[in-house]
Amino acid sequence: MMAGSQVKIRSLETGDIPRVVEIFCVQFANLSWTRLGKNFIRKFIRWHFNFHPELALVAESDNQVIGFIVGATGGHREYYRQVLGYAFPEFLAGTLRRPWLLLKPYFLALWVDLFKGVRSGGKNQRDPAVSKTGEKKAIISFVAVTAAAQKTGIGTNLKQAFEQAAFQAGIQVLSAYTEINNYAARRLNEKRGWQLVREEPRRKMVYYSKRLDKHS
Ligand SMILES: CC(C)(COP(=O)(O)OP(=O)(O)OC[C@H]1O[C@@H](n2cnc3c(N)ncnc32)[C@H](O)[C@@H]1OP(=O)(O)O)[C@@H](O)C(=O)NCCC(=O)NCCS
């Protein structure tokens with residue numbers, strides 16, 4: 001990013017997808033999802049674009065996308081089922097190419113959960129976009145900024161814009177999680193007033209939530 005460049009936050013457009021995939025694969029290089037391959041990540045970003053366009057934003061500077069944030073209504077479990085169901089051919093192809101990923105408990109759990117969802121056929125389930133207390137909820141699934149543009153406030157701007165977009169879409173509660181040692185993501189959450197709701201040292205994850213109001 002050039003010094004003094006204006007950064008604009010706007011909706012994700014279909015032409016941005018290749019660039020967002022590129023940023024995703026660099027910034028989440030160690031994630032099992034990324035190891036499934038670019039085809040999977042492309043389909044996964046497309047799912048957000050198709051089904052939750054109101055919760056898919058990018059940061060742009062000098063006509064180049066330098067960051068993105070994507071989310072979905074409902075909770076994490078339902079999100080994984082839907083997105084993996086949509087990108088199932090790519091998810092399966094990626095797993096066949098790298099079967100050792102199944103040794104990772106987190107990754108195996110995705111497969112088990114996907115099958116449970118298929119077997120139940122979605123029957124007897126609460127509306128996944130509504131919490132037990134009747135509130136409309138959504139998650140932030142991923143936020144990332146290119147290395148060159150980090151620590152200049154873009155992550156904060158993306159998150160703030162996402163919270164506003166979610167509020168306008170009628171969402172009352174947001175949730176997100178990150179690795180316990182992801183200090184940038186944790187600081188970003190704290191700065192935006194998110195509450196730490198749970199720590200899972202065994203899985204090395206921390207969970208946050210935020211109740212939205214018009215001042216978010
Ligand atoms: C998390 C991420 C999106 C933050 O984006 P960013 O544009 O650098 O964020 P900001 O510049 O708005 O900084 C937000 C706060 O985090 C702090 N911060 C940023 N990077 C940091 C780091 N590596 N270590 C500690 N704090 C950090 C900033 O100083 C700022 O706090 P401050 O205002 O009190 O100084 C970015 O680091 C990133 O893309 N990481 C890789 C992908 C990722 O892990 N995403 C989160 C999980 S989905």
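Everything that follows concerns the structure shown earlier in this document.
Just so you know, these numbers come straight off a predicted model, no measurement behind them.

Chemist: So what exactly am I meant to see when it comes to unusual backbone geometry here?
Modeler: Trans peptide bonds make up the majority, and among non-glycine residues the majority have a negative phi. A positive phi angle, close to 50°, is found at Asp-62, a residue other than glycine. With respect to the element layout, Asp-62 can be found in the loop between strand E2 (56-61) and strand E3 (64-73).

Chemist: Mind showing me how you'd approach the sheet that holds E3 here?
Modeler: To summarise the sheet geometry, strands pair through backbone hydrogen bonds and adopt either a parallel or an antiparallel arrangement. Pairing within the open sheet is mixed, and its 7 strands lie in the order E1-E2-E3-E4-E5-E7-E6. Where the open sheet ends on each side, the last strands, each with one partner, are strand E1 (7-11) and strand E6 (195-200). The sheet shows a mean angle of 25° between the axes of neighbouring strands, direction not considered. The sheet contact formed by E2 and E3 spans 6 bridges and is antiparallel. Each residue of the ladder has a partner; that of Glu-60, found in E3, is Val-65. Contacts from helix H4 (residues 76-86) reach E3, strand E4 (137-145) and strand E5 (173-179), with the element oriented near 70° to E4.

Chemist: Please explain the environment of Gln-82 as it appears in this structure.
Modeler: Assignment of secondary structure puts Gln-82 in helix H4. Look at Gln-82 and you get partly exposed, because its relative accessible area is 35%. Taking the C-alpha atoms as reference points, Gln-82 and Gly-117, separated by 35 residues in sequence, lie 9.2 Å from one another.

Chemist: Can you help me understand the pattern of salt bridges in this one?
Modeler: Opposite charge on two side chains makes pairing possible when the charged atoms of those side chains draw close. Here the structure, examined in full by the defined rule, presents 13 salt bridges. Its salt-bridge partner being Lys-8, residue Glu-60 comes within 3.8 Å of it at the nearest N-O pair. Separated by 52 residues along the polypeptide, Glu-60 in strand E2 and Lys-8 in strand E1 bring together distant segments of the chain. The class for Glu-60 is buried, based on a relative accessible area of 14%. The partner of Arg-81 in a salt bridge is Asp-113, and the shortest N-O contact between them spans 3.5 Å. Pair noted here: Arg-81 is in helix H4 and Asp-113 is in helix H6 (residues 105-120), with a separation of 32 residues, a long-range link. Given a relative accessible area of 17%, Arg-81 falls into the buried group. Shared partners join several salt bridges into a network, and the residues in it are Lys-8, Arg-10, Glu-13, Asp-16 and Glu-60.

Analysis parameters
- Residues numbered from 1 in each chain as written.
- Predicted model: local features only at pLDDT ≥ 70, side-chain atom pairs only at ≥ 80, totals over all residues.
- Heavy atoms only, no water.
- Helix = DSSP H or I, 4+ residues; strand = E, 2+ residues; numbered from the N terminus.
- Pairing = 2+ DSSP bridges.
- Axes fitted to C-alpha atoms, helices over the stretch in contact; angles between N-to-C directions.
- Contact = heavy atoms within 4.5 Å.
- Buried < 20%, exposed > 50% of the residue type's maximum accessible area, 1.4 Å probe, protein only.
- Salt bridge = Lys/Arg side-chain N within 4 Å of Asp/Glu carboxyl O.

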